[in-house]
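# Working through the structure, step by step
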Amino acid sequence: MEFRQLVSKLSKLEKNKRFFNMDIEKLRVRLLNQYVLELPLPDDGDNNTYFIVKGLRNYLKSRARIDQNISYLTEDLLQKVMFSKNLLCIATMQGVDQMQLIDLLTHYTFLVVNAECLRKVYWSIYFEGKVFSDIQFEISQLQRKIELVDPQFRATSVRVMKALLKASKALPKSPLTFAPEKNKYIVEEFVDSLLGALRQILECHATFKVPVQDHMLKLHQGIKFISILLFVKQEEFYALPDKVKDRIGVVIIDLGILICSLSVNEIKRGLAKGTDLAISRLVKELQFVMQEVAQTHPPTSSSLGFPRTNELGSIDFFLENLKEVATSEAGSISFPKDQIQRVQEDVIFLRSILWRIMKQRKQNVKLQALWNGVMEVAHKAELVIDSIALGDRLECLDVIAGDIKHMKTEALKISHSIRSDNEAQGVTNKSIHLESQFSAPALNEVLVGLDKEAKTITDKLIRGSKQLDIVSIVGMAGIGKTTLANTVYHHRSILGHFHIRAWCTVSQVYSKHNLLVQILSGIGSGSPDQYLKEDENDLARMLYQALKRNTYLIILDDVWDIEPWNLLKLSFPDDACGSRLLFTSRFQNLSLQFKPDSEPYHLCHRSNKECLELLHMKIGKENCPPALIKILMQVANKCKGLPHTVVIFAGILSRMEPDCWQEFANSLSSSTSIKTEPLELSYIHLPEYLKPCLLYFGAFREDQDIPVRKLSWLWISEGFVQKTEGKSLEDVAEDYMKDLIGRSLVTVTKQRTLVGAKACRLHDLVHEFCVTKAKEESFFQILHGGNDPSTSTTPCPHRMFIHLTNGEELEKSRLFIPKLRCLLLFRYARWNLIELRDGSLWFPILKLLRVLDIGELRFDGSFPMELLLLVHLRYLAINLFMESIPSAIDNLLRLQTFLVKGGIGAIALPNTIWKVKTLRHLRITESSLRGFSLPTGDIEDSQALDHLDTFSLAIDCSGESLEKILKKLPSIRRLKCVGGKYPGDPSGILKLGSLRRLESLKLHYFFYCKFEFPMNLKKLTLSDNGQPWSEISTIGKLPNLEVLKLGYRSFEGETWEMQEGEFSKLRFLKLSNLNLRSWTANSDSFPHLEKLVLFQCRQLEEVPSCFGESSTIEMIEVQFGRKSLVSSVEKIQQEQKDAGNEDLKIVVGATLDKELRSEREREEFL
């Protein structure tokens, strides 16, 4: 009888019971009696076990969230089944006598039969609708039975592995040196089982003592190293001496014996001396193996295990942390201050040595070795000190202090050979960092030489057939396709011809939902946050309805295949209105798939003359002497006609003194790679502190708009931003962003209301470069989908960025990376992960995290308390559907940024929040309805949050409580206040005048309350306040107000009559969803207004005629307004033209008459 037949028979033995209930000893006797000659041992082709395991895992994905205990039982059962199967296979392969395997086979049979029974139970629940609670008791009994036999199972496994060790030593070679692929597979499965068993120990006992946990993590790291060596870096393994291979085989078996010998009680109490010694011996064995591998294959810079980007900056960050440790009185760990001070002094000395050898090390092997040694010991020291803060042994500090002292001695030996002068060498060092003058590139910037191309494409779009037509621009990467499309998109004739325009970036990774959200957001009828919550079929209908009977232009940028068109084409109505689709692509034949008879527009390389003009324009040097023009021509000739290369070179030259340009031009080899070399040169010329900031863009997906403010907060939390006298860290981070934009490495995609970048992205080539360079310098690791990071060839990544397309992929990711300092999760498509089933078990393992963004996941019910064990967190973004934050938030005494999204209503902060003095940003994201409510009890005795810069506050108009809170927030610059959802006290006054540093203020749901504003306020946003228009004079008198946005029900009434002298410095005004009908102003109103936006002001008949006399107005935009309103704006434009102002830009979206449709038309698409 085969093993699968045995399992099937045993699972049907007891008809009235769902689970196999035979005693282990009886099962053993039955096997011996039935299989006298040959035991039914499984092999690597055991499909029966495979299907049982697969069935249970599929159930876990879909149903096991209903009960955490049942989930654990299933995982435990699966792990034991696979471990015992793989052990039986490798023991059989090595010739262990069958009778020595009978006990393990008995346990394996018991486990597999019950796994099959459990699979059938799950099947009956999932497909037959049986009630789960009816069998819950029987499942708990099975769990108890498995727990009872567990000690016997582990003891049996140990005996088999000892027999395996003996059998292996008797063979001429270990199993690892066997050639057949079958044997490799068996060994691989067994090593993977060891990893699984150790992961289970770490998961189930994640809160055991730090020293014990560290021992387990070292073992895990060792097994991972062997796994990578055997199955990823096989060439390195085969190059090892046979003795080393045999030694690895013995280590694998010893690891198995040790793992199976560990008892739960021993783990909880602390390791016995013998176990501790066994682990130490195994760690030494693993270190020996690593050294042997290193001798055969020396590690590259990307495999050294610590980031190689801005290394001196990372030491500076470490020194800042040391200073904090030396002066801090908080925390349960008392560091020996004198020893910390000595470490600090030694690191400062080593840092000075590194600075001196920085420019010589790459030409000197000894200096480079010293550099690497210092950096490695500095990173180890940082990890050790942070681990001690979590409860690790203080003795570890003695060891690392000794290592630092040793490096200091080595540095002293060669210090006499180090040139003390640090004069600039070559063009690289003559480059100087200039304070950038930020001028965000206009989104409609026209590059040199594109006038003819822009006219050709524009003619194709506005002329020709009235039927829906498709136009394409094709060409190689970096040639300017997107720039040309963007130029056309903002062309005056296009603005006047098409009622609706939208831009959609497709790229290589996309989803139908994301594409629809981009287009609908571009049309202007709602925000991306609104659409993200909608089903994609509903979005498709909404888009169809919005485009119906309109003349529209849709840009699909960076298309790689036909699939986006297949996903979207039903949403594009063809009403013979002259609508157009324009797409850009690198692939010339793609246009024929869109439209068989189409002729794509091939964008050609620029001429050398055009490259020179563009280079000259981008550098911004006026009246260049002939000698410099000659050098620029030399550089332009190296650009191969690619505008993107011109822009990159211009970014380098703009940061150099002109007397360095010739050396730079000479450094451009004739074999310069079109794609990479310019970017490599630009990277080399970056100041060291900007390099990690640039590479961090690679964390985000290609062609993704990245919020500038969020990115700057991440930079600050990572320690990239240097402290600068007289500036906040946020201002310095903004300067960094300006510098990267000024160097043409970063592109602005959304501008703030007046000045500055709101969102940005990288060109495809720059993004590709950043990802490659980050991998090369061990800066970060990107994990796509459900890949297992344990198979990574990176020893221990410092930063991990995980890109997911669905919730199941997250469950497959095994994040056992104890030294991880940063974890960001991203998702490509719209999917809802209702609850993170096992994710909370990661957090105690990832105890050294400084940055954690899991805002794409959703926690229901209760706050994940494991997060509060991550005491080194500086940045935390999370999605919460709950009403309060636990009082233990004060464990996170280093927290700087705390972002929360999700849910409705206020989130109550505990009294302990006042202890987290490092807080800089407390914000509710993606919702104007939520804010944090602060406790006011005993607030007088609480410490102020002196560094808090950004805050989302839920508050009422109570003067007393608000006054108490505001006194504790002296540094607030950006504040959002959310009041109640129902009408409040009409006599209430929201007094904010004490916030002297406040620059930006948002007020929502303060029905009928009056306001007292700080005089330095620059930006104000209001909605749902229900004020009469007469109260707007309070705002109009603010002397520094530059931006005013009035949203739904901010003011009520049909008439706004402005008074003289109001809004003296206002530059931007937006009126949205107001019931305003009549608006009057006089000639001195808005003397500095530049932009006016009117959105869905359905009753407003016209804008004040005085705008026709304005000398500052630059743009007026009307969306969903009456025809009379549009006519008044066009009249103002004509008046401006008559006065000599040809630059007034008028943007008109769909008018109110076009927007209103009959119900029959709206349902055409259904």
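Residues numbered from 1 in each chain as written. Predicted model: local features only at pLDDT ≥ 70, side-chain atom pairs only at ≥ 80, totals over all residues. Heavy atoms only, no water.

### Description of the packing of aromatic side chains
Where two aromatic rings form a pair, the distance of their centres and the angle of their planes describe that pair. Applying the stated criterion across every chain, the model contains 33 aromatic pairs. With 6.4 Å between their ring centres and 80° between their planes, Tyr-696 and Phe-779 make a pair best called edge-to-face. In this pair, Tyr-696 sits in the loop between helix 31 (691–695) and strand 6 (706–707) while Phe-779 sits in the loop between helix 34 (764–776) and strand 9 (781–784), placing the two residues 83 residues apart along the sequence. Each member of the pair Tyr-696 and Phe-779 is classed as buried. An angle of 80° between the planes, with centres 6.5 Å apart, marks the rings of Trp-1056 and Phe-1063 as edge-to-face. The exposure class of Trp-1056 is buried, given its relative accessible area of 0%. These aromatic residues form a ring-pair network of at least three members: Trp-1029, Phe-1051, Trp-1056, Phe-1063, Trp-1079, Phe-1086 and Phe-1107. The side chain of Arg-501 reaches across the aromatic face of Tyr-489, ending 4.3 Å from its centre. One residue, Lys-691, lies across the ring of Tyr-683, its end atom 5.0 Å from the ring centre. (Phe/Tyr/Trp six-rings, centres within 6.5 Å; stacked < 30°, edge-to-face > 60°. Helix = DSSP H or I, 4+ residues; strand = E, 2+ residues; numbered from the N terminus. Buried < 20%, exposed > 50% of the residue type's maximum accessible area, 1.4 Å probe, protein only. Lys NZ or Arg CZ within 6 Å of the ring centre and 35° of its normal.)

### Here we look at the sheet that holds strand 7 (residues 747–751)
Across the sheet, 3 strands lie side by side as 6-8-7; this open sheet has antiparallel pairing. Because the sheet does not close on itself, it has two edges, and the strands there are strand 6 and strand 7. Sheet topology places strand 7 next to strand 8 (residues 757–761); 4 bridges connect them, and they run antiparallel. Residue pairing across strands places Val-748 opposite Cys-760, the latter belonging to strand 8. (Pairing = 2+ DSSP bridges.)

### Some points on the environment of Lys-847
As for its position among the elements, Lys-847 is in the loop between helix 36 (842–845) and strand 12 (851–860). Assessed through its relative accessible area of 6%, Lys-847 is described here as buried. A sequence separation of 30 residues divides Lys-847 from Ile-817, and the C-alpha atoms of the two residues are 9.5 Å apart.

### Remarks on the pairing of strand 23 (residues 1019–1023)
Counting buried residues in strand 23 gives 4 out of 5 residues, a clear majority hidden from the surface. Pairing of strand 21 (residues 1000–1004) with strand 23, which is carried by 5 bridges, proceeds in the parallel orientation. Bridge assignment links His-1004 to a residue of strand 23, and that residue is Ser-1023. Taken together, the 4 bridges between strand 23 and strand 25 (residues 1043–1046) define a ladder with parallel strand orientation. Bridge pairing in strand 25 links Leu-1020 to Leu-1044.

### Digging into the confidence of the model for the protein
In this model, the protein carries an average pLDDT of 80, and 80% of its residues clear a pLDDT of 70 or more. With pLDDT under 50 throughout, residues 671–676 is counted as low confidence; its partners more than four residues away or in other chains account for 10 contacts. (pLDDT = per-residue confidence, 0-100. Contact = heavy atoms within 4.5 Å.)

### Structural notes on the packing of helix 32 (residues 708–718) against helix 33 (residues 729–742)
Running from amino to carboxyl end, helix 32 crosses helix 33 at an angle of 115°, the nearest separation of the two axes being 9 Å. Relative to helix 33, the element helix 32 lies roughly perpendicular. As helix 32 packs across helix 33, the resulting crossing turns out to be right-handed. Contacts between helix 32 and helix 33 involve Val-708, Leu-711, Ser-712, Trp-713, Trp-715 and Ile-716 on the former and, on the latter, Leu-729, Glu-730, Ala-733, Tyr-736, Met-737 and Leu-740. Split by residue class, the contact of helix 32 with helix 33 holds 10 nonpolar, 1 polar and 1 charged. (Axes fitted to C-alpha atoms, helices over the stretch in contact; angles between N-to-C directions. Parallel < 35°, antiparallel > 145°, perpendicular 65-115°, else oblique. Left-handed = near helix turned anticlockwise from the far one by under 90°. Nonpolar A, V, L, I, M, F, W, Y, C, P; charged D, E, K, R; others polar.)

### Quick notes on unusual backbone geometry
Even without glycine at this site, Asn-1073 takes up a positive phi of about 55°. Locating Asn-1073 in the fold gives a position in the loop between strand 28 (1068–1072) and strand 29 (1078–1080). On the basis of relative accessibility, which here comes to 29%, the residue Asn-1073 falls in the partly exposed class. With a phi close to 50°, Phe-1086 is a non-glycine residue in the positive phi region. Relative to the helices and strands, Phe-1086 is located in the loop between strand 29 and strand 30 (1091–1095).

### Description of the pairing of strand 11 (residues 822–827)
Taken across its 6 residues, strand 11 has 5 buried, putting it largely inside the fold. Here strand 10 (residues 799–804) pairs with strand 11 via 6 bridges, running parallel. Bridging from a neighbouring strand, Phe-801 pairs with Leu-824 of strand 11.

### Some words on the packing of helix 26 (residues 608–619) against helix 28 (residues 643–653)
Axis separation between helix 26 and helix 28 bottoms out at 9 Å; the angle between their running directions is 40°. Judged by the sense of rotation from one axis to the other, the crossing of helix 26 with helix 28 is right-handed. In this structure, helix 26 contributes Cys-611, Leu-614, Leu-615, Lys-618 and Ile-619 to the contact, and helix 28 contributes Pro-643, Val-646, Val-647, Phe-649, Ala-650 and Leu-653. Of the residues contributing to the contact of helix 26 with helix 28, the split by class is 10 nonpolar, no polar and 1 charged.

### Section: the nonpolar core
Grouped together as the largest cluster of nonpolar side chains are 100 residues, with contacts concentrated most on Leu-1003, Ile-1035, Trp-1056 and Trp-1079. Once residues lying within four places of it in the same chain are set aside, the contact partners of Ile-1035 are Phe-1013, Leu-1020, Leu-1022, Leu-1041, Leu-1044, Phe-1051 and Phe-1063. (Core = buried A, V, L, I, M, F, W, Y, C linked by side-chain atoms within 4.5 Å.)

### Some details on a positive patch on the surface
Residues Lys-750, Lys-758, Arg-923 and Lys-1002 make up a contiguous surface patch of positive charge. If you trace the backbone, Lys-1002 turns up in strand 21. Of the residues examined, Lys-1002 reaches a relative accessible area of 33% and is grouped as partly exposed. (Patch = residues over 30% accessible without salt bridge, like charges linked within 9 Å, V, L, I, M, F, W, Y side chains within 5 Å. Areas by Shrake-Rupley, 256 points an atom, 1.4 Å probe, with all protein chains shown as cover. Salt bridge = Lys/Arg side-chain N within 4 Å of Asp/Glu carboxyl O. Lys, Arg positive; Asp, Glu negative; His and termini not counted. Charge placed at Lys NZ, Arg CZ, Asp CG, Glu CD.)

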